[in-house]
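# Residue-level structure breakdown
So you can see what is in the structure, the chains are spelled out below.
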Amino acid sequence: MTTRWFGARVQRVEDDRLLRGHGRFTDDIDDGALESCLVRSPYAHARIRSIDVTAARAMPGVIAVYTAAELPFGQTDLPILIPHPNLTHGRTQRCLASEVVRYVGEAVAFVVAESRCLAEDAAEMVEVDYEPLPVVITPESAARAEHLVHDDVPGNVAAEMIQEAGSVEAALAASPRRKRLHFRFERGAACPMEARAVWARWSTSERRLTVYDSTQSPTSIRGGLAVLFGLPESSVEVIAPDVGGGFGPKIMLFYPDELLVPFAAMQLGRPVKWTEDRQEHFTAVNQERGQVHEVEVGFDDEGKLLALDVDFVHDAGAYTPYGIILPIITAGQVPGPYRVPNYRVRFRDVYTNATPTSPYRGAGRPHACFVMERTLDRIAAELALDRAEVRRRNLIQPDQFPYEVGVAWQDGNAVVYDSGNYPVLLEKALANLGPRPGGDHVGMGLGMYVEGTGVGPYEGAHVQVLVSGKVVAATGIPSQGQAHATVWAQIVADELGVDVADVEVTGGDTRRFPWGVGTFASRGAVTAGNAMAVAAGMVAEKARQIAADHLEVDPADLELVGGKVQVKGSPDRGIALAAVAVLANPVRYAFGGGTEAATQFTARPRPGPPLHEGEQPGLEATGYYSPPASTWAAGCHTCYVRVDPQTFRLEILKYVVVHDCGRVINPLVVEGQIEGGVAQGIGGAFYERLHYDSEGQLRNASFMEFLMPYATEIPAIEIDHIETPSPLNPLGVKGAGEAGVIPVGAVLASAIEEALGVPITEMPLSPLKLFELVKTRS
Amino acid sequence: MKVNGVVYPTPADPRRLLSDHLRHDLGLTGTHVGCEHGVCGCCTVLLDGAPVRSCLLLAVQAEGHEVTTIEGLASDAAPLHPVQQAFHECHGLQCGFCTPGFVLSVVGLLAQHPNPTPEQVDEGIAGNLCRCTGYASIRRAVHRAAELSQK
Ligand code: FES
Ligand code: FES
């Protein structure tokens, strides 16, 4: 393989369309679709006494109003995506609630009308008689279990899990120094700029269901719809067109609308669409990050970790559609890049009357990192040591890989770091940060993390050389902005010796590639990237074989360069890839540049039938890649901040990232992922707070009150890379999508703590929070 | 009202938002709706050359004015407008949902300040939210656009 494209700052091939306003997002698709709207619970916890849709049905322009009673799957619990033996009390919602609602925003009825306005008018006429029930809103109150979210779940505990590596009791008892610490992290929201949307059409004549869905996993949506509606999978096509950011919560399997819109389209024989508005997005779309941690750490006088005991409560929200993946990730990621010789972690996953949780960029890791990094800062403070020095003394060394942590990972395997060089990350991040700026109330922040990326089970790809010489490539996973069309093209172009501009990529369209898992967990580059390399490699192999027959040479003597298959070092002895594509099909074509060169009368006659046993027509191949285990990316962030002692305004004076995601396919894209991740981290750490009141009402469900940062709040980020290739996959890549966000809370806490001299033990912060902390302190 | 140089009849529904009118009546779906309450800037269009939020205007309010949407910045056959080109070169977009709004805000900004200072850049784009890029690449794109516009 030549490496002309891999590693280059290739500008994105998807930009032109998007820049001209020719992107195609789900809500851009109309095609005469009926429009719809959901009736949602205004209560966080209530029994439904009755639902009356008579008036709504009678409204002008209303086509249908559905409650659970009208749905053939109305009494079916939605699936638990990842069951786990420790999830003893998993609960999921039903498509439409008919007995009890357990969070504000839970869907109760679905209205289809000629227009969105009419649907919304009718939704207001749906009369639901609720009997309010006691509300459980914080993880602490859930754990106290004064009230239950589910009658049949004792103590509100969905799952409990304890893991231990080494012997924590004994090691703590033997530790010269011990400390107990408490850390609290609140919920956050991903808030992609495009809210969710679904469009569906049923073709009666073809018996075919077509669904456009702003999802991160169209292949799984297709699988679920096929089962639910009793259709063969080949009769269901699901397409994630352009998706305006995902960050995790656009994969849930299933949001109620993802079933209701296709169902209504099949019932009504007309296309139906649903587009979420921003206000409902705030409560209807999954959130994450609510966790409360009790920590006990044992260490010696040099600041070396001897034992770590972590006990935390995870706020699941009202249901557990994602099983216990989030607390498992936290449990696996707390030790981070440090040697923790004795580690015990226990969690309880508890129900609250809030929106369900599922991974949001970082997924269990920002809180894990916060716990570990804050703990190290406490050790440094107690021993009056430099914070960097404490880290230096505890880092896993480059010769210790593969490094086994001793606890379980989200894929069921053990947590084993494949490769890395953590000391270099730390030293570079310190060097790049440079000297401390002058002035008062300046603080330096520091944080390190590892990130398990590239989880399986697999992704696949199909690559075909057309008779024009152009290449088409497809994979099951969609892009929400991660430049898949560019980076997959880079990988394929290298394998086939063509130009990136000649490779056209499709992702997230089950018509083009029906198998796959989804875009999440920083897994695209590892899984789909390697699948692209596998499939393109198979095509290259086939091209060499066909060309070898044609040129009467040994395939081993051939190489793919410049759109040709040629004898190595003799560009004049070769054949265009376009012509090889023609030769690959015993029925030759009437059109196309390669046709003449490839006519059967000039080709060397091969003995036997035109298609030999085991051969397939077409210069194409389908390949899969299934990772043996996760790859572990890592990084270090450092910063200087200034906090105004009067207004508590935060000024980030400098922010440095040193990042290792193995071999970098496209630095432009990876840097964009990091810059975006850090910005999202800054928002989550200092500006964005989901303000739930004691009744479970989200008091700031709009962009006016939920303060996402604008450019004015986000500094320039200085990025540097190191590359420790993953030994686990052929491309040597690790994931990069979530890295930027993970340590930001810990890093800013560390910096603000130093700037103001008050201990920071919780997230998110805000000027008001800092004011209160300083006031309590003095 | 004139949209991208073409005259269109008065919208039939007086309650129709300009954003919905552009998207769903005229099929100009490059104008995006991210919040529908005037904060995100995804729906930004130019009204007589100045950036406005089309989700905060009724379509009828645009009567007698010239609206430019992202589709009107460069015709399909033409090369990208300098601001679009700069966003491409600087990786100023990821998912592309906020992008039309940003591009039109920047067109407005450069009309006022052809050579903006870093502060003017931040101020000029501080009415647009982007959840993907972290803004750094967008800032670079604005400076690059200023450069390209002067060539
Ligand atoms: S959609 Fe108009 S400002 Fe957000
Ligand atoms: S590029 Fe996705 S919101 Fe800006």
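Given the structure is predicted, the values throughout are model-derived calculations rather than measurements.

Rules and cut-offs
- Residues numbered from 1 in each chain as written.
- Chains lettered and ligands numbered in written order.
- Predicted model: local features only at pLDDT ≥ 70, side-chain atom pairs only at ≥ 80, totals over all residues.
- Heavy atoms only, no water.
- Helix = DSSP H or I, 4+ residues; strand = E, 2+ residues; numbered from the N terminus.
- Contact = heavy atoms within 4.5 Å.
- Areas by Shrake-Rupley, 256 points an atom, 1.4 Å probe, with all protein chains shown as cover.
- Lys, Arg positive; Asp, Glu negative; His and termini not counted.
- Charge placed at Lys NZ, Arg CZ, Asp CG, Glu CD.
- Rg over C-alpha atoms; globule rule 2.2 N^0.38 Å.
- Buried < 20%, exposed > 50% of the residue type's maximum accessible area, 1.4 Å probe, protein only.
- Phe/Tyr/Trp six-rings, centres within 6.5 Å; stacked < 30°, edge-to-face > 60°.
- 1 Å grid on protein atoms, 1.4 Å probe; cavity = no way out; pocket = protein on both sides within 12 Å on 5 of 7 lines; lining within 4 Å.
- Points joined across faces, edges and corners; volume = space filled by probe spheres on them.
- Nonpolar A, V, L, I, M, F, W, Y, C, P; charged D, E, K, R; others polar.
- Buried area = accessible area lost by both parts, 1.4 Å probe.
- Salt bridge = Lys/Arg side-chain N within 4 Å of Asp/Glu carboxyl O.
- Polar contact = N/O pair within 3.5 Å; in protein donor to acceptor, adjacent residues only side chain to side chain.
- Pairing = 2+ DSSP bridges.
- Axes fitted to C-alpha atoms, helices over the stretch in contact; angles between N-to-C directions.
- Domains from an automatic or database assignment.

Let's shift gears to the overall build of chain A. Scanning chain A from N- to C-terminus turns up 19 helices and 29 strands. With respect to the principal axes defined by its C-alpha atoms, chain A has extents near 90 × 70 × 45 Å. Counting contacts in chain A only where the partners sit at least 6 residues apart, residues at least 24 apart contribute 79% of the total. Counting every atom, chain A has about 26900 Å² of accessible surface; 52% of that belongs to carbon and sulfur. If you average the places of the 68 positive and of the 97 negative side-chain charges in chain A, the two averages end up 2 Å apart.

Take the overall build of chain B next. Looking only at helices and strands, chain B features five helices and five strands. Listed by position from the N terminus, the elements making up chain B come as β-β-α-β-β-β-α-α-α-α. Its C-alpha radius of gyration of 15 Å places chain B within 12% of the 15 Å reference for a compact globule of 151 residues. Referenced to the eigenvectors of the C-alpha coordinate spread, the extents of chain B come out at roughly 45 × 30 × 25 Å. Per-residue burial for chain B yields a buried fraction of 58% across its 151 residues.

This next bit is on the packing of aromatic side chains. Residues and elements named next belong to chain A. Counting across every chain of the model gives 23 aromatic pairs over all chains. Relative to Phe-110, the ring of Tyr-66 has its centre 6.3 Å away and its plane inclined at 20°; by these criteria the two rings are stacked. Of this pair, Tyr-66 sits in strand E3 (residues 62-66) while Phe-110 sits in strand E5 (residues 107-113), and the two are 44 residues apart along the sequence. A relative accessible area of 5% means that Tyr-66 is categorised as buried. Assessed through its relative accessible area of 0%, Phe-110 is described here as buried. Ring centres of Phe-648 and Phe-771 lie 6.2 Å apart, and the angle between their planes is 65°; this geometry places the pair in the edge-to-face category. Of this pair, Phe-648 sits in the loop between strand E26 (631-643) and strand E27 (650-660) while Phe-771 sits in helix H19 (residues 767-777); the two residues are 123 residues apart in sequence, bridging distant segments of the chain.

Our next topic: empty space enclosed by the protein. Over the atoms, a rolling probe the size of a water molecule traces out where space has been left empty. Residues and elements named next belong to chain A. One pass over the structure, following the stated rule, counts eight cavities of 30 Å³ or more. If you list the elements that add at least two residues to the lining of the largest cavity, you get helix H17 (667-687) and helix H18 (744-756). A per-element tally of the lining of the largest cavity places H17 first, with four residues. Partitioning the lining of the largest cavity into residue classes produces 10 nonpolar, five polar and four charged.

The next thing to look at is the interface of chain B and chain A. On the chain A side, the residues contacting the 48 residues of chain B number 48 residues. For the pairing of chain B and chain A, the buried interface totals around 4000 Å² over both sides, and the portion due to carbon and sulfur atoms is 56%. The interface formed by chain B and chain A contains four salt bridges. Across the salt bridge formed by Asp-28 of chain A and Arg-23 of chain B, the nearest N and O atoms sit 2.8 Å from each other. Between chain B and chain A we count 24 residue pairs in polar contact (both at pLDDT 80 or more) in total.

Further remarks concern the sheet that holds strand E21 (residues 503-507) of chain A. All names here are of chain A. Sheet architecture is open: four strands sit in the order E21-E20-E19-E25, paired in mixed fashion. At either margin of the open sheet sits one strand with a lone partner, and together these are E21 and strand E25 (620-625). Averaged over all neighbouring strand pairs, the angle between strand axes comes to 15°, with direction disregarded. Pairing between strand E19 (residues 459-465) and strand E20 (residues 471-475): five bridges, direction antiparallel. Of the residues in E20, the one forming a bridge with Ala-461 is Thr-475. Packed onto the sheet, helix H13 (residues 484-496) meets E19, E20 and E21 and runs at close to 130° relative to E21. Strands E19, E20 and E25 of the sheet are contacted by helix H14 (residues 524-551), whose axis makes an angle of about 145° with E25.

With that out of the way, let us pick up the pairing of strand E9 (residues 197-203) of chain A. Residues and elements named next belong to chain A. The element E9 is extensively covered by neighbouring structure, given that six of its seven residues are classed as buried. Inspection of the sheet shows E9 paired to strand E10 (residues 208-213) by six bridges, in the antiparallel sense. Bridging across to E10, Ala-200 finds its partner in Val-211. In textbook terms, the turn of a hairpin is the stretch between consecutive antiparallel strands, and for E9 and E10 this stretch comprises four residues, one of which, Arg-207, has a positive phi near 50°.

The next thing to look at is the domain arrangement of chain B. Residue and element names in this part refer to chain B. When the domains of chain B are assigned, the result is domain 1 (2-72) and domain 2 (82-149). Taking only C-alpha atoms, the centre of domain 1 and the centre of domain 2 are 20 Å apart. At the interface, 16 residues of domain 1 touch 14 residues of domain 2. It is His-32, Cys-42 and Ile-70 that lose the most area in domain 1 upon contact with domain 2, and together they represent 41% of the buried surface on that side. Where domain 1 packs against domain 2, one counts zero salt bridges. Where domain 1 touches domain 2, the interface holds four residue pairs in polar contact (both at pLDDT 80 or more). When residues of the side of domain 1 that touches domain 2 are traced back to their parent elements, those giving at least two are strand E3 (44-47) and strand E4 (50-53). Here the element with the most residues in the side of domain 1 that touches domain 2 is E3; it accounts for three residues.

The subject of this paragraph is the pattern of salt bridges. Pairing between side chains becomes possible if they bear opposite charge and their charged atoms approach one another. Residues and elements named next belong to chain A. Counted by the stated rule, this structure contains 68 salt bridges over all chains. Of the charged contacts in the structure, one is a salt bridge between Arg-523 and Glu-459, with a shortest N-O distance of 2.5 Å. With Arg-523 in the loop between E21 and H14 and Glu-459 in strand E19, the pair connects residues that are 64 residues apart, well separated along the chain. Per residue, the accessibility class of Arg-523 equals that of Glu-459, and both read buried.

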